[in-house]
Amino acid sequence: MQSLDNFISGKLAKLEAASLRRTLVDTFREDGIWVTRGGRRLLSFCCNDYLNLSQHDAVKTAAIEATRKYGVGSGASRLVTGNHPLFAELEARLARLKGTEAAIVFGSGYLANTGIIPALIGKDDLILMDELNHACLWGGSRMSRAKIVTFPHADAAMARKLLAKHRASHPHAMIATDGVFSMDGDIAPLRALSDMAKEYDAWFLVDDAHGLGVVGGGRGSAFIENPPVEIPLQMGTLSKAAGGYGAYLCASRPVIDWMHNRARTFVYSTGLPPASAAAAIAALELIETDKALTAKPVQKARAFTKSAGLPEPMTNIVPIMLGEEKRALRASEMLAEEGFLVVAIRPPTVPAGTARLRMTFTAGHPDAEIERLAHLVRSRVLGN
Ligand SMILES: *Cc1c(COP(=O)(O)O)cnc(C)c1O
């Protein structure tokens, strides 16, 4: 189809001209932190494998054994024949970790949010969203056809004003936020949002993809404070600190039973491979029992910011705001020459004019290399 290719080629050329075109680069991850790209070995500061569990022996063994015993695929939707007993074990573990009655595992985080939200919220309803929410919260919200109202990032006072203004015109309302913001590394004002959700009868959904295994003693961002913040809809992924693939919602029994019936990305999508369920069970065992391990990523990030002369981060995700796309790309190239993989994050992943380096710290990063990176960032990126 000539018109198709011509149209798309023109659009790609525009991205190229704006330094916004993305391409795939073959990358081999050896051990969770060192990667090989284009024949070069680089220390990666951009994986979400925060506890290096994707390469952990116990986790790999669990996945291999499950594959040997049960095969590589689950064969069907879990409602047909794909409901391997490993899922019940994984869901019981997740519910226990998050302190809820029940849990449901989805194929991925993106599938979870695009299934959960439209299953609960419809076109006459209201969704209040942080403006920096992850793309899949936006995807799910748009699919619900509800009225979407956004509040400025992490601004609980504005969220309250907007909720007060709009709540009465809708039968049901939801407040949705990331727990830990993936590109900024800060934490949502969960307590304030939870309180207003209760006051205005809005259903509170938190996507804690980056909180599990890293904050709140590994239990996630709701558990940083004592008592924990009450969150009736606790969503997260098994693809970041848990090191594998899949995602979950922890909630009350009726909500989970409803998901089995009405979350389209659950009902009409094949269950996760047994290996992924087995790997997640092994990873959660480590997350629940090894408190020294789950504390490490934030400790490493704080060692970095201290040496680089940056403010202390709330999590293990540290953005370095550079503004222009070209500046972020140049900084990333300079660091690659020095042996570090730090990807430049550009729009549309982040708002226009906020291109940045995003560094993620994992339990296994060597301290001496963190020091060397901090020195380079200080002298050659920030120019101090
Ligand atoms: C990564 C991420 C997701 C998507 O999870 P996948 O399992 O990778 O699909 C959802 N929400 C947030 C906040 C994320 O960072």
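Residues numbered from 1 in each chain as written. Predicted model: local features only at pLDDT ≥ 70, side-chain atom pairs only at ≥ 80, totals over all residues. Heavy atoms only, no water.

(A) Structural detail: the site of the ligand. Lining the immediate surroundings of the ligand are 13 residues, of which Gly109, Tyr110, Asp207, His210 and Lys240 lie closest. Taking serine 239, its side chain carries an N or O atom lying 3.2 Å from an oxygen atom of the ligand. Its free accessible area being 380 Å², the ligand has 87% of it covered by the protein chains. Looking at the shell around the ligand, its residues break down into three nonpolar, seven polar and three charged. (Near = heavy atom within 4 Å. Polar contact = N/O pair within 3.5 Å; in protein donor to acceptor, adjacent residues only side chain to side chain. Areas by Shrake-Rupley, 256 points an atom, 1.4 Å probe, with all protein chains shown as cover. Nonpolar A, V, L, I, M, F, W, Y, C, P; charged D, E, K, R; others polar.)

(B) Inspection of a nonpolar patch on the surface at higher detail. Taken together, the side chains of Met1, Leu4, Phe7, Ile8, Leu12 and Leu15 present a nonpolar region at the surface, about 590 Å² in accessible area. Topologically, leucine 4 is positioned in helix H1 (residues 2-17). A residue is classified by how much of its surface remains accessible, and leucine 4, at 48% relative accessible area, is partly exposed. (Patch = residues over 30% accessible without salt bridge, like charges linked within 9 Å, V, L, I, M, F, W, Y side chains within 5 Å. Salt bridge = Lys/Arg side-chain N within 4 Å of Asp/Glu carboxyl O. Helix = DSSP H or I, 4+ residues; strand = E, 2+ residues; numbered from the N terminus. Buried < 20%, exposed > 50% of the residue type's maximum accessible area, 1.4 Å probe, protein only.)

(C) The pattern of salt bridges, seen in detail. For the structure on display, the rule yields 20 salt bridges. Lysine 300 is paired through a salt bridge with aspartate 367; the nearest N and O atoms lie 2.9 Å apart. Here lysine 300 is found in helix H11 (residues 291-308), whereas its partner aspartate 367 is found in helix H13 (residues 367-381), with 67 residues between them in sequence. Exposure remark for lysine 300: the relative accessible area of 14% places this residue in the buried category. Among the residues examined, aspartate 367 registers a relative accessible area of 52% and is labelled exposed. Three or more residues joined by partner-sharing salt bridges are found here, namely Arg93, Arg96, Glu285 and Glu288.

(D) A look at the domain arrangement of the protein chain. Along its sequence, the protein chain is organised into domain 1 (19-48 + 291-381) and domain 2 (55-289). Using C-alpha coordinates to define each centre, domain 1 is positioned 26 Å away from domain 2. Every contact between the two is made by 21 residues of domain 1 and, on the other side, 21 residues of domain 2. Summing both partners gives a buried area of about 1,600 Å² for domain 1 against domain 2, and 58% of it is carried by carbon and sulfur. Inspection of the domain 1/domain 2 interface yields one salt bridge. At the boundary of domain 1 and domain 2, one finds eight residue pairs in polar contact (both at pLDDT 80 or more). Those elements that place two or more of their residues in the side of domain 1 that touches domain 2 are H11, strand S11 (317-323) and strand S14 (355-360). Residue contributions to the side of domain 1 that touches domain 2 peak at four residues, all from H11. Its residues placed into classes, the side of domain 1 that touches domain 2 shows nine nonpolar, six polar and six charged. (Domains from an automatic or database assignment. Contact = heavy atoms within 4.5 Å. Buried area = accessible area lost by both parts, 1.4 Å probe.)

(E) The pairing of strand S10 (residues 247-251), seen in detail. Extensive coverage of S10 is indicated by the burial of five of its five residues. Burial of the side chains of S10 extends over both faces: Ala247, Leu249 and Ala251 are buried on one face and Tyr248 and Cys250 on the other. Relative to S10, strand S4 (residues 102-106) is paired through five bridges, and the arrangement is antiparallel. Across the sheet, residue alanine 102 finds its bridge partner in S10, namely alanine 251. As defined by bridge partners, strand S9 (residues 233-237) adjoins S10 across four bridges and the pair is classed as antiparallel. Residue pairing for S10: glutamine 234 is matched across the bridge by cysteine 250. (Pairing = 2+ DSSP bridges.)

(F) Representation of the state of the cysteines. Counted by the stated rule, this structure contains zero disulfides. With no disulfide partner, cysteine 46 has as its closest neighbouring cysteine sulfur the one in cysteine 47, 5.8 Å distant. In this structure cysteine 47 comes out as buried when scored by relative accessible area, which is 13%. (Disulfide = S-S within 2.5 Å.)

(G) Up close: the sheet that holds strand S13 (residues 344-345). Judged by pairing direction, the sheet is antiparallel, and its three strands sit side by side in the order S11-S14-S13 without closing on themselves. The open sheet terminates on both sides in strands that have one partner only, identified here as S11 and S13. In terms of strand pairing, S11 meets S14 through six bridges, oriented antiparallel. Paired with isoleucine 317 across the strands is threonine 360, a residue of S14.

(H) Region of the structure containing the side chain of threonine 177. Among the secondary structure elements, threonine 177 is positioned in strand S7 (residues 173-178). Excluding residues within four positions of it along the chain, threonine 177 makes contact with Asp130, Asn133, Leu137, Ala188, Leu190, Leu193, Phe204, Leu205, Val206 and Asp207.

(I) Quick peek at the nonpolar core. Counting 41 residues, the largest nonpolar core has Leu51, Leu53, Val59, Leu90, Leu94, Leu238 and Leu284 as the members making the most contacts within it. Taken together, the elements giving at least two residues each to this core come down to helix H2 (57-70), helix H3 (85-98), S4, S10, helix H10 (274-289) and H11. Per-domain counts for this core show at least three residues from each of domain 1 (19-48 + 291-381) and domain 2 (55-289). If near-sequence neighbours (up to four positions away) are discounted, leucine 284 is found in contact with Leu90, Arg93, Leu94, Leu97 and Leu212. (Core = buried A, V, L, I, M, F, W, Y, C linked by side-chain atoms within 4.5 Å.)

(J) Examining the packing of helix H4 (residues 109-120) against helix H5 (residues 135-144) more closely. At a closest axis distance of 8 Å, the pairing of H4 and H5 adopts a crossing angle of 30°. Judged on the interaxial angle alone, H5 and H4 are roughly parallel. For the pair H4 and H5, the crossing hand works out as right-handed. Seen from H4, the contacting residues are Gly109, Tyr110, Asn113, Thr114, Ile117 and Pro118; seen from H5, they are Ala135, Cys136, Leu137, Gly139, Gly140, Ser141, Met143 and Ser144. (Axes fitted to C-alpha atoms, helices over the stretch in contact; angles between N-to-C directions. Parallel < 35°, antiparallel > 145°, perpendicular 65-115°, else oblique. Left-handed = near helix turned anticlockwise from the far one by under 90°.)

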